[in-house]
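Notes for the structure review
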Amino acid sequence: EKMIQFLTAQKKAELRMAEFANFVKNPMPVRNKRKIVQVVDVNEVPDYDAFGTMRNEWCLKKHHFKWRRRNLRSAHKRKMDALKKKDKASKGK
């Protein structure tokens, strides 16, 4: 039901925006969207923890760059340590 409400609200918003198309310099583009809804039997639907999945995706999005910077820093540190070790070894000869 929520998906149907969302789709009808989206359609209404598009129609409301189209009312002002005369006042916009460029005409509003019409894009054929793929249909994203399909009717299936309830017993075919797997048990799906939508909230947990969405929350996990949100966490991944939120921390992605933090984790990436951490990985870059640690890789740089390992590289510098390897260079120091190499320099120390070459000085010892």
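The preceding data block contains the structure.
Cut-off values and rules
Position labels on residues start from 1 in each chain and follow its written sequence. Local features in this predicted model are restricted to residues of pLDDT 70 or higher, and side-chain atom pairs are both shown and tallied only at a pLDDT of 80 or more, whereas totals for entire chains, interfaces and linings draw on every residue. Heavy atoms throughout the structure, all of them, feed into the side-chain values; hydrogens and water do not. Under the scheme used here, helices are H or I runs from DSSP no shorter than 4 residues and strands are E runs no shorter than 2 residues, and both carry numbers assigned from the N terminus. Residue-level accessible areas treat just the shown protein chains as cover; the underlying method is Shrake-Rupley with a 1.4 Å probe. Within the patch definition used here, like charges are joined within 9 Å and nonpolar side chains (Val, Leu, Ile, Met, Phe, Trp, Tyr) within 5 Å, considering only residues with over 30% relative accessible area and no salt bridge. Definition used for salt bridges: Asp or Glu carboxyl oxygen within 4 Å of a side-chain nitrogen of Lys or Arg. His is not counted, nor are the chain ends; Lys and Arg add positive charge and Asp and Glu add negative charge. All charge positions are set by atom: Lys at NZ, Arg at CZ, Asp at CG, Glu at CD.

1. Description of the overall build of the protein chain
- Along the backbone of the protein chain there are two helices and zero strands.
- Only carbon and sulfur atoms are counted for the fraction: they give 58% of the accessible area of the protein chain, which is about 10200 Å².

2. A short note on a nonpolar patch on the surface
- Side chains of Met3, Phe6, Ile36 and Val37 sit close together on the surface and give an oily, nonpolar patch of about 380 Å² of accessible area.
- Following the sequence through the fold, Phe6 ends up in helix H1 (residues 2-19).

3. Here we look at a positive patch on the surface
- On the surface, a cluster of positive charge is made up of Lys62, Lys66, Arg69, Arg70 and Arg73.
- Residue placement: Lys62 occurs in helix H2 (residues 50-92).

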